[in-house]
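Spelled out, the chains give:
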Amino acid sequence: MGSTVKLETQDLLRLVKDDNQRAFDSFYHLYYSQVFRFAYFLLKDTNACQEVVSNVFFSVWKSRKSLAEIQNIETYLYVITRNEASRYQREETIRETVSLDHFPLQTEKTDMENPEEELIRQEVEELINRIVENLPEKCRLIFLMSRIEGLKNKEIAERLSLSESTVRVQMKIAIEKIVEQMKIYYPHLSLVGLLTFFYDKEFLFSVRKVKY
């Protein structure tokens, strides 16, 4: 049986390397309990573990291109979990995550905005809309439910019959993909500048056009 699981994992890793979202979901469910147990051994705090586990799988997703080269995936996950747990403990009071929940839901436009700035603004909004439309189905749905409907992770999880940890991971993947694509067209755009578009009232209205 152990060899069967190993073979299944190797197959999943090859698919995840090729950006297969369904394979990543399967990998996540296959190893979630194992990673959570190890995180709990280190932290003894359920809420902290949920955050750490989300960061572990987000890290796996970001490193997906090199996954097929890993010889022992359990050891790899344990090392990442230990590192993320240590980071969580160090930054518990000041840590900043990829989550956008603490940013304001609306930003003010200045009266002095000139035509060139308005044109750039429209181009960025159109680009973000295209990127959101091309997100994997689950990522897109969770992102829109969070950003447009203003739902919390718990509410999204209940509506979609998912765990909160799954929702957090999918949100982070969605944001990573958006930022990654934005950087191609606007390499000098700061994260703060990008967040302005995420939360501007007019941008949120325009992104409603994207289909769930």
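Preceding block: the structure.
Residues numbered from 1 in each chain as written. Predicted model: local features only at pLDDT ≥ 70, side-chain atom pairs only at ≥ 80, totals over all residues. Heavy atoms only, no water.

Draft legend 1. Quick look at the pattern of salt bridges. Enumeration according to the criterion identifies six salt bridges in this entry. In this structure, E51 engages K172 in a salt bridge whose closest nitrogen and oxygen atoms are separated by 3.4 Å. Of this pair, E51 sits in helix α3 (residues 46–62) while K172 sits in helix α8 (residues 164–185), placing them 121 residues apart in sequence. The buried category is assigned to E51, whose relative accessible area is 13%. Of the charged contacts, one joins E84 and R87 as a salt bridge, the two residues approaching to 3.6 Å between their closest N and O atoms. Of this pair, E84 and R87 both sit in helix α4 (residues 73–90), three residues apart, which is roughly one turn of that helix. Take R87: its relative accessible area is 40%, and that puts it in the partly exposed class. Three or more residues joined by partner-sharing salt bridges are found here, namely D19, R64 and K65. (Salt bridge = Lys/Arg side-chain N within 4 Å of Asp/Glu carboxyl O. Helix = DSSP H or I, 4+ residues; strand = E, 2+ residues; numbered from the N terminus. Buried < 20%, exposed > 50% of the residue type's maximum accessible area, 1.4 Å probe, protein only.)

Draft legend 2. Here's a closer look at the packing of helix α2 (residues 21–43) against α4. Running from N to C, α2 and α4 point in directions that differ by 45 degrees, and their axes come no closer than 10 Å. Judged by the inter-axis angle, α2 sits oblique to α4. Crossing of α2 over α4 shows right-handed handedness. Two secondary-structure elements touch here, α2 through F27, Y31, Q34, V35, F38, A39, L42 and L43 and α4 through I73, E74, L77, Y78, T81, R82, A85 and Q89. Residue composition of the contact of α2 with α4, grouped by class: 11 nonpolar, three polar and two charged. (Axes fitted to C-alpha atoms, helices over the stretch in contact; angles between N-to-C directions. Parallel < 35°, antiparallel > 145°, perpendicular 65-115°, else oblique. Left-handed = near helix turned anticlockwise from the far one by under 90°. Contact = heavy atoms within 4.5 Å. Nonpolar A, V, L, I, M, F, W, Y, C, P; charged D, E, K, R; others polar.)

Draft legend 3. Summary view of unusual backbone geometry. Despite not being glycine, K44 has its phi angle at roughly 55 degrees, a positive value. Checked against the element boundaries, K44 lands in the loop between α2 and α3. Positive phi, normally seen in glycine, also occurs at S161, with a value near 55 degrees. One can find S161 in the loop between α7 (153–160) and α8. With relative accessibility at 67%, the residue S161 sits in the exposed group.

Draft legend 4. Region of the structure containing the nonpolar core. Ranked by size, the top nonpolar core spans 51 residues in total, and within it F24, F27, F57 and L77 carry the most contacts. Every element with two or more residues in this core is listed here: α1 (2–17), α2, α3, α4, α5 (115–133), α6 (137–147), α7 and α8. (Core = buried A, V, L, I, M, F, W, Y, C linked by side-chain atoms within 4.5 Å.)

Draft legend 5. How the structure looks around the packing of α6 against α8. The N-to-C vectors of α6 and α8 enclose an angle of 95 degrees; their axes lie 9 Å apart at closest approach. The orientation of α6 with respect to α8, classified from their angle, is roughly perpendicular. Residues K138, C139, I142, F143, S146 and R147 of α6 form the contact with α8, whose participating residues are V167, Q170, M171, I173, A174 and I178. Looking at the contact of α6 with α8 residue by residue, the class counts come to eight nonpolar, two polar and two charged.

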